[in-house]
Amino acid sequence: MSQQTFSIPFKHPFKADKKFQKSVAYFSMEFAVDQALKIYSGGLGFLAGSHMRSVYALKQNLIGIGMLWKYGYYDQGRKKDGSMQPEFHEKMYSFLVDTKIRFQIPMLGKQVWVAAYYLPPDVFQSAPLFLLTTDTDGNDESARAISYNLYDSDVTYKAAQCMILGIGGARLLEELGYEPQVYHFNEAHAVSAIFHLFKKYKKVPEVKKRVVFTTHTPEEAGNEKHDIHFLESLGFFSGLPLETVRKISGIKDDTFNHSLAALSLSRKANGVSKLHGEVSRNMWKAHPQIAEIDHITNAQNNTYWVDKQLEQFRLDKELEKIAVRKKELKAVLFKTVADQCGKIFDPDVLTIVWARRFAAYKRADMLVWNMERFARMMADADRPVQMIWAGKPYPKDEGAVNTFNHLFYLSHLFPNMAVLTGYELALSKLLKDGSDVWLNNPVVTREASGTSGMTAAMNASLNLSTFDGWICEFAKDGENSFILPVAKGEDINKQDCDNLMEKLENTVIPTYYSDQKKWQQMVLNSMNDVNVDFNSDRMAREYYEKLY
C-alpha cells in the first residue's frame, strides 16, 4: 500500500469547474480505471472507468465509491488442453492509500468490519476513488470472504456485497465527514444505502432529493430480486420494519425488487441509450410512483482508448495514412495471437473480431451456426478472412464457458481462427486497434447499450452489428457501419445468422477487397461520427445537466 497519508475530513482534491460544482458520490460495483486495478468484469466497469476519467478531465466535483475485490473477477487461465478455466489469485496494489478508516456494519447476524482504501486521482487520471473491503483484521473468514470475488455466486454473499457497497458506502461518507448533494447509484447494487439514508433523514422527500439512479437492465427478468425476509435477516434494511420498507419502496409482496426500490426512492433515473430509455419507461409503466426515466447514452473515454496517430490522421482526413497505421496496429495484435495460439496472422487480410462478455443473448458463436457457410468463408483464398474471439464468461455460467471452449476446440480446424483468453482492458485495447470489423450480434432489445463498438470505431474499425443499443443512435448502414436488418417472426436466430453471413459474403468482404476507397471513407465517417457523441466527456457533462 502507498505510504501517502490521508486526512479527515476529506476535501475533494480538484478545484471544481464552475459548471460542475455540485458534489456527487457515484456508487458502482465495478470500475475499469486501468489494467493494473482488476476490480471489474465487463461493460458496467468499462463504462464506470471511462466516466471517472472524464470526471478528472472536466474537473467535476464527483467521487467514486466501489469495492476492493481480493481476487478481482477472475483470471482467465487455460487447462492442459488449452480450453479456459477460471483462476483466482490474490491482487496487491501498492498505489492504493490506506485511509485507516475502519467501521462496523451489523450484517449476517454479526458486526462486520469494513476498511476503506483510496485511489488518488493522479495515479490513473481518474476521479478520486474509495474502495471498501471486509478482508481486514477483526473479521472471521466468512466475513472476510464477502469482498473476495466480484459477483459471488452464493446468493447470501452477493447480497452482503451489495450491503457493503450501499450501507458501507453511505457510512464511509459519514466517516469522511463528506456530505454529497447527490448519491448516484450506477445500477441497483447499492440500493441498501437508501434505507440507511431514510433512517437518517426520516422522510422520503429528504431521501429522494439526494438520490439518482442509472438502470442498465433491458428486461424485467434481469432486475435483481430477493425474498424480503431473507434480506431483512441479513440486515439489508438497516433495522427498518418491513412495513416501512414496503411502504417507501413500492414493494407490494414478499419479493424485493432492487431496481423498483431504487426507482421509487430516486428523484430522477436514466436508461443508458435512447432505445433503452424507451424500453425502461415501458417496462415500469405499471408503477406510476417511480422517478421519471430519461436517457443518457453510454460512452467511452476517447483520451484513454484512441490511438494518437490514428486520431491525428482522422483530423487531417488522411485516409491512406489511417489504412497504413491500421496495418501496423494489426501486426501488434497478431503478436498476441501468435503467442497464445501459435498462429501467424497477416496484416493485409480482413480481420473480424468478436470480443466482449460471453453471455447467451450476445450469441458469440452465431458465425459458426451454419458450419458449411463459415468453413467456406474461412477457406476462401482469393478473399481471405481472419477471425478472433475473446471474452470472459461469468465463471459459473456453464453454457457460456462451454460456448467459449467449443469455439476454442473449433479453432484447431482453422489456421485463420484464434480464440484468446484474458479479455481485460489491455487486450481489449489491442483488439480494438487491430480489428478491421467489430462484430456485435446480440438479440435485438436485449443490449441496453453496449460500448465495445464505440472504442473500436474510435480506432478505425467498422461495426458489423444487429440494430440494438447505442448502435441505433450511431449507425448509417453502408456509410459508417454494416447493419443487419431487424429479424421478425418465429426463428430470429436463423434469420440473424443468415443475414449476417449474407452481409459478410455480399457486402463486407467484397468492399474490403474490391473497393478500398469506399472502405477507407466509411472508416473516416465512422471515426468522425463516434468522436463527439460517444466520448464519455459528453456523457459526464450530460449527467450533470440532466441527472444531477
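First, a word on scope: everything that follows refers to the structure included in this document.

Cut-offs and rules
- Residues numbered from 1 in each chain as written.
- Predicted model: local features only at pLDDT ≥ 70, side-chain atom pairs only at ≥ 80, totals over all residues.
- Heavy atoms only, no water.
- Core = buried A, V, L, I, M, F, W, Y, C linked by side-chain atoms within 4.5 Å.
- Buried < 20%, exposed > 50% of the residue type's maximum accessible area, 1.4 Å probe, protein only.
- Helix = DSSP H or I, 4+ residues; strand = E, 2+ residues; numbered from the N terminus.
- Contact = heavy atoms within 4.5 Å.
- Phe/Tyr/Trp six-rings, centres within 6.5 Å; stacked < 30°, edge-to-face > 60°.
- Salt bridge = Lys/Arg side-chain N within 4 Å of Asp/Glu carboxyl O.

So, the nonpolar core
Looking at soluble globular proteins, one finds that nonpolar side chains tend to be buried together.
Phase 1 of the analysis: In this structure, Phe-237, Phe-256, Phe-374, Trp-389, Leu-504 and Tyr-548 are the most contacted members of the largest nonpolar core, which totals 156 residues.
Phase 2 of the analysis: With eleven residues, the top contributor of residues to this core is helix α4 (residues 155-176).
Phase 3 of the analysis: In this structure Leu-504 touches Ile-352, Leu-367, Met-377, Leu-464, Ile-509 and Pro-510, once residues within four positions along its chain are discounted.
Phase 4 of the analysis: Judged by nonpolar contacts, the second largest core, of 16 residues, contains Tyr-40, Met-454, Trp-470 and Ala-475.

Remarks on the packing of aromatic side chains
Describing an aromatic ring pair means giving the distance of the ring centres and the angle of the ring planes.
Phase 1 of the analysis: Per the counting criterion, the structure on display carries 39 aromatic pairs.
Phase 2 of the analysis: Taking the centre distance of 6.4 Å and the plane angle of 55° together, the rings of Tyr-74 and Phe-88 count as tilted. Here Phe-88 lies in the loop between β4 (84-87) and β5 (97-107) and Tyr-74 lies in the loop between β2 (62-67) and β3 (75-78), a separation of 14 residues in the sequence.
Phase 3 of the analysis: Aromatic pair Tyr-118 and Phe-130: ring centres 4.9 Å apart, planes at 35°, arrangement tilted.

So, the pattern of salt bridges
Phase 1 of the analysis: Scanning all chains against the criterion turns up 36 salt bridges.
Phase 2 of the analysis: The partner of Arg-171 in a salt bridge is Glu-174, with the nearest N and O atoms 3.7 Å apart. Placement of both Arg-171 and Glu-174 in helix α4 is noted, with a separation of three residues, approximately one turn of the helix.
Phase 3 of the analysis: Owing to a relative accessible area of 34%, Glu-174 belongs among the partly exposed residues under this scheme.
Phase 4 of the analysis: When salt bridges that share partners are traced, they join Arg-171, Glu-174, Glu-175, Glu-179, Lys-200, Glu-206, Lys-209 and Arg-210 into one network.

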